[in-house]
2 protein chains.
Amino acid sequence: MKDLMNEIDRLLKEKRYFEVKSIVAQENAADLAAVFDDLFAENFEEKTEFMILFRILPKDIAAETFAHMNTDMRRHLIGMFTDKELREILDESFIDDTVDLIEDLPANVVSRILKNSTTGERKAINEILRYPRDSTGSIMTIEYVSLHKDMTVSEAFEKIRKVGVNKETIYTCYVTENRKLIGVITVKDLFIAEEDNKISDIMETNIISVDTHEDKEVVGNMFRKYNFLALPVVDKDNRLVGIVTFDDAMDVIQEETTEDFSKMAAISPSEESYFRTGIFKHARGRIVWLLILMISATVTQLITDNYTSAFAAVPLLVSFMPMIMDTGGNCGSQSSTLIIRGIALDEIHFSDFFKVVFKEFRISIIVCSVLAVVNGLRVYLMYEHNLLLAMTISLSIIATVIISKMIGAMLPMLAKKVRLDPATMATPLITTIVDCCSLFIYFNIAIFVFKI
Amino acid sequence: MKDLMNEIDRLLKEKRYFEVKSIVAQENAADLAAVFDDLFAENFEEKTEFMILFRILPKDIAAETFAHMNTDMRRHLIGMFTDKELREILDESFIDDTVDLIEDLPANVVSRILKNSTTGERKAINEILRYPRDSTGSIMTIEYVSLHKDMTVSEAFEKIRKVGVNKETIYTCYVTENRKLIGVITVKDLFIAEEDNKISDIMETNIISVDTHEDKEVVGNMFRKYNFLALPVVDKDNRLVGIVTFDDAMDVIQEETTEDFSKMAAISPSEESYFRTGIFKHARGRIVWLLILMISATVTQLITDNYTSAFAAVPLLVSFMPMIMDTGGNCGSQSSTLIIRGIALDEIHFSDFFKVVFKEFRISIIVCSVLAVVNGLRVYLMYEHNLLLAMTISLSIIATVIISKMIGAMLPMLAKKVRLDPATMATPLITTIVDCCSLFIYFNIAIFVFKI
């Protein structure tokens, strides 16, 4: 990809446009968009180059490449487009891509886009923009093929041929009656049927659809489960208002997963990629949780304050604090990570609460036994057969592992129950909570064993 | 889903098979498979029920449902199938699903499957089984539609109609010559073209394909980038050997992501879901890393051992250890998580090493300034205007944040460079490393500030 970019960059600088043209004609739109994005990131100075490169692209590839570019690049290009060029690009674009673009642009650019859209497009764009950002409505497209139940197979083929060019997918067609969705039929079904079969006789009437206001994360899971190419989106009266295609579902899955990764590492999620996010935005996204966790650590600090007499008597106790805390944090995050992922994949539900807690309890018994024995032995051998110390450490590990796994298992499910995002109940928060519990237990066991 | 299962369970127990039949005819294969899996998980005793339920399914849905079931359920059913039933299911199944099944079954069941396959199927199965588990070859299917370059559009349609029923996708067709892949054409392209156009004139010759031995994770990223329905798989001589369809790519993406989540929480990844993994397997998958990290914590412990005089002089120093350690761990895991995810999504490469490190350095400067000021003030006000303590804490936080972000940024990229999985360089390992560094710095700053 870098090679391609450098080659194009060099040829453009030398004004060898004909050669550029023959190179870009060979490339896929997604790859071309990557070249644009890379050129844009590296050459903030010479911005006219992009316009020349864009005008060199064959018409049909230009709109597709445009759809694959990042927001900054697209905003820059729109600024340089003539109204005629903007209209051409919008004509060739799918409505859902235009909506995605509009959501990220400043108002003056948006109004220019709307001014250059047809009345129908404008109506459709406004309709999709009305849906909340996390809803299915916001990611759907209205460009699907609809058929009538009384059509024959050959009439259906004729319609697909006529309207199909501008539809995002033609492979699943939707049968509607008074705007209500009454059937679904795939092009494969049409191929298998006889030419004079009626659509109503061969269409699938057991339809799996999704509501416009359904959370888009649910739609991602439905695609994973059913392997559909597209899923119909209906309003509360079962009227067909749009479809979601598998590529948009894949994008949703990727976004949601990246969001989970961020939240689980105590970062406020950003919609931009790592490099496209500025350092101040990065810092802001990280400071919030760090501050919250740092202030929460005051509790651990106050707990420890109470036991100065304990580690004044046995200074070695301090040396084992990091190990006890880390083991607790790691055990808790193992459990919480598996539960959070299970919830995201719709494999674990709140109704499984006691099943999960009991399972984690049994696992923690096995884990803590092994860790306690290994560590007790290690301490016993390392610290001149100090049996009391070994006992303190082993007992503390047993308590810490069990408690941390219980907390790690319960918190994400409880969060889900009260409609918080389970992903925030991950390592950082659990570590902080587990620290308090484990140090409290540790010092009390020590006081008891050493009779301080 | 639970309701459906309970309803079917009840009707089966009351032997009201006719009613069951009319219910299952309404359902999607993926939902039916979920019912089978749930019934299987809850009723280990009455296993004949499943066979009755399975025999009630309409023939065409039976094979699809079978493909969606989990391995245990399928193994159980195969054990009860007659040879004739097994043959029917295999006939209706796609080769790649059969291969997935075979990979998880014991040898005696596999040989029974191979015995009931046709010679052609057996050859194809063996061919796919030859590829390494992580390669593209292992997830491809050989059931695609191939066309000849001299065909006309209407001849192509005729061929698709004839062979399409048994192909996993018909919407992208592949043009081969002497088994070499020379073009790709979609059904949409065929619809748009004239009936007497020649395939060679309208096919796409700029083909994006993937090598049989390419890592399947790469294929997942290609689907994300290009939005293809299917991707052709070629051998080293550019001969077409199979295709990967988008649903298999989605499965790969999900598996790889779940694997990353597990590794990042110090768990050896399991291919089974949370509930299907037994407690001993769960415990085994967690103990290994916990032990490694616990033993590594010995270093932190030995470092702390050296500073008993410091916290004997200022016992309050101990109380702030958890906060310093946790802040370091959280900062490091923020950076490492973003980098690991960026690498997985192919957005961050080793060539970006210095760019990333410099970016993280600048972010850490902002983050540590804010945290140091807030925390210094807090300590100053909480501990009776103890300026020395406040200074020690603030300076330690500055050093800890910068170092932990540097470590968190560098380790995943270095891991990628030496072909280790970046995901193992996550929170748990980084916490352990950061602990050593931060406590060492903390105690030394304390000794310096308090002149101990």
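For every chain, the first residue of the written sequence is number 1, and numbering continues from 1 onward in sequence order. The lettering of chains begins at A and the numbering of ligands begins at 1, in the order of writing. In view of the model being predicted, local features appear only for residues whose pLDDT reaches at least 70, and side-chain atom pairs are presented and counted only at 80 or more, with totals across whole chains, interfaces and linings using the full set of residues. As a convention, hydrogens and water are excluded, and side-chain values are obtained from all of the structure's heavy atoms.

Before we move on, can you summarise the state of the cysteines with the specific residues and values?
In this description, the term disulfide denotes a pair of cysteine sulfurs within 2.5 Å. Under the definition given, this model contains zero disulfides over all chains. The closest cysteine sulfur to the non-disulfide-bonded C173(B) is located on C173(A), 17 Å from its own sulfur. The thiol of C331(B) is unpaired, and the distance to the nearest cysteine sulfur, on C368(B), comes to 8.8 Å.

Give a detailed account of the packing of aromatic side chains, specifying residues and quantitative values.
Paired rings are identified among Phe, Tyr and Trp, the last through its six-membered ring, by centres lying within 6.5 Å, and are further divided according to the angle between planes into stacked (under 30 degrees), edge-to-face (over 60) and tilted (the rest). Applying the stated rule across the entire model yields 35 aromatic pairs over all chains. Aromatic side chains Y226(B) and F228(B) sit 5.2 Å apart centroid to centroid with 15° between the ring planes, which places their arrangement in the stacked category. Take Y226(B): its relative accessible area is 12%, and that puts it in the buried class. The ring of F275(B) is capped by K355(A), whose NZ or CZ atom sits 4.3 Å from the centre of that ring. To sort residues, take the accessible area from a 1.4 Å probe on protein chains only and compare it with the maximum for the residue type: under 20% means buried, over 50% means exposed, and anything in between is partly exposed. The rule for a charge over a ring is simple: NZ of Lys or CZ of Arg within 6 Å of the ring centre, and within 35 degrees of the ring normal.

Account for the pattern of salt bridges, naming residues and giving values.
All names here are of chain A. Take a side-chain nitrogen of Lys or Arg and a carboxyl oxygen of Asp or Glu: if they are within 4 Å of each other, that pair is a salt bridge. Counted according to the given criterion, the structure contains 38 salt bridges over all chains. A salt bridge links E7 to R10, with the shortest nitrogen-to-oxygen separation between them at 3.3 Å. Highlighted residues: E7 and R10, both in helix α1 (residues 2–13), separated by three residues, approximately one helical turn. With a relative accessible area of 31%, E7 lands in the partly exposed category. One network of salt bridges, with partners in common, ties together E7, R10, E14, R16 and E19. Starting at the N terminus, helices and strands are each numbered in turn, a helix being any DSSP run of H or I of at least four residues and a strand any DSSP run of E of at least two.

Before we move on, could you go through the sheet that holds strand β3 (residues 180–186) of chain B and cite the residues and values that matter?
Residues and elements named next belong to chain B. Strand order in the open sheet formed by three strands is β1-β2-β3, with mixed pairing between adjacent strands. Each edge of the sheet is formed by a strand with only one pairing partner; in this case those strands are β1 (146–147) and β3. Inspection of the sheet shows strand β2 (residues 172–177) paired to β3 by six bridges, in the antiparallel sense. Of the residues in β3, the one forming a bridge with Y174 is V184. Strand pairing is assigned whenever DSSP detects at least two bridges linking the two strands.

Just give me the short version of the interface of chain B and chain A, but keep the residues and values in it.
Facing the 116 residues of chain B at the interface are 116 residues of chain A. Buried area counts how much accessible surface, traced with a 1.4 Å probe, disappears from two parts once they are put together, with both parts' losses summed. In total, chain B and chain A occlude about 10,400 Å² of area from one another, counting both sides; carbon and sulfur atoms represent 68% of this. Note that K225(B) is salt-bridged to D31(A), the shortest N-O span being 2.7 Å. Under this definition, polar contacts are N or O atom pairs within 3.5 Å; protein pairs additionally need one hydrogen-donor-capable and one acceptor-capable atom, and for neighbouring residues in sequence, both atoms have to be side-chain atoms. Taken together, the links from chain B to chain A amount to 42 residue pairs in polar contact (both at pLDDT 80 or more). Per element, the largest residue contribution to the side of chain B that touches chain A is 19 residues, and it comes from helix α18 (residues 316–344) of chain B. Along the lines of polarity and charge, the residues of the side of chain B that touches chain A split into 62 nonpolar, 30 polar and 24 charged. Every residue pair with non-hydrogen atoms within 4.5 Å of one another is taken to be in contact. Gly is put with the polar residues, along with every residue not named as nonpolar or charged; the nonpolar set is Ala, Val, Leu, Ile, Met, Phe, Trp, Tyr, Cys and Pro, and the charged set is Asp, Glu, Lys and Arg.

Report on the packing of helix α18 (residues 316–344) of chain A against helix α21 (residues 427–449) of chain A, specifying residues and quantitative values.
Residue and element names in this part refer to chain A. Fitting a line to C-alpha atoms yields each axis, with helices limited to the stretch in contact; the angle taken between N-to-C directions then spans 0 to 180 degrees. Following both chains from N to C, one finds α18 and α21 inclined at 135°, their axes separated by 8 Å at the closest point. With respect to α21, the element α18 is oriented oblique. As α18 runs across α21, the sense of the crossing is right-handed. When α18 is examined against α21, the residues L317, F320, M321, I324, M325, G328, G329, G332, S333 and S336 are found in contact with a partner set consisting of T427, I430, T431, V434, D435, S438, L439, Y442, F443 and A446. For the contact of α18 with α21, the per-class residue count stands at 11 nonpolar, eight polar and one charged. Angular relationships are summarised with four words: roughly parallel below 35 degrees, roughly antiparallel beyond 145, roughly perpendicular across 65 to 115, and oblique for the angles in between. Helix crossings fall into two classes, left-handed where the near helix is turned counterclockwise from the far one by less than a right angle and right-handed where it is turned clockwise.

An account of the sheet that holds strand β3 (residues 180–186) of chain A is requested, with residue identities and associated values reported.
Residues and elements named next belong to chain A. With mixed pairing, the three strands of this open sheet are ordered in space as β1-β2-β3. Across the chains shown, the open sheet's two edge strands, defined by having one partner strand only, are β1 (146–147) and β3. Here β1 runs beside strand β2 (residues 172–177); their pairing, made up of two bridges, is parallel. Paired with S146 across the bridge in β2 is Y174.

Give me a nonpolar patch on the surface: which residues, what numbers.
Nonpolar side chains collect at one region of the surface, where L387(A), L388(A), M391(A), L395(A) and I398(A) lie side by side and expose about 400 Å² of accessible area between them. Residue placement: L395(A) occurs in helix α20 (residues 387–417). Patches here are clusters of residues that have more than 30% relative accessible area and form no salt bridge, with a 9 Å joining cutoff for like charges and a 5 Å cutoff for nonpolar side chains (Val, Leu, Ile, Met, Phe, Trp, Tyr). Calculation of accessible area relied on Shrake-Rupley with a 1.4 Å probe; when residues are assessed, cover is drawn exclusively from the protein chains displayed.

Tell me about helix α3 (residues 29–42) of chain B, residues and numbers included.
Given a helix with a known number of residues, its expected span is that number minus one, times 1.5 Å. In a regular helix each residue adds 1.5 Å, so 14 residues correspond to 20 Å; α3(B) covers 20 Å between its end C-alpha atoms and thus fits that length. Within α3(B), 10 of the 14 residues are buried, leaving the element largely enclosed by the surrounding structure. Restricting attention to buried positions, one finds in α3(B) the residues A29(B), A30(B), D31(B), L32(B), A33(B), V35(B), F36(B), D37(B), L39(B) and F40(B). Where the residues of α3(B) are buried, they touch α14 (216–226) of chain A together with α1 (2–13), α2 (17–24), α4 (48–56), α5 (59–68) and α6 (71–80) of chain B. At the N-terminal end of α3(B), a side-chain oxygen is found 2.7 Å from the backbone nitrogen of A30(B), two or three residues along, and the residue is N28(B).

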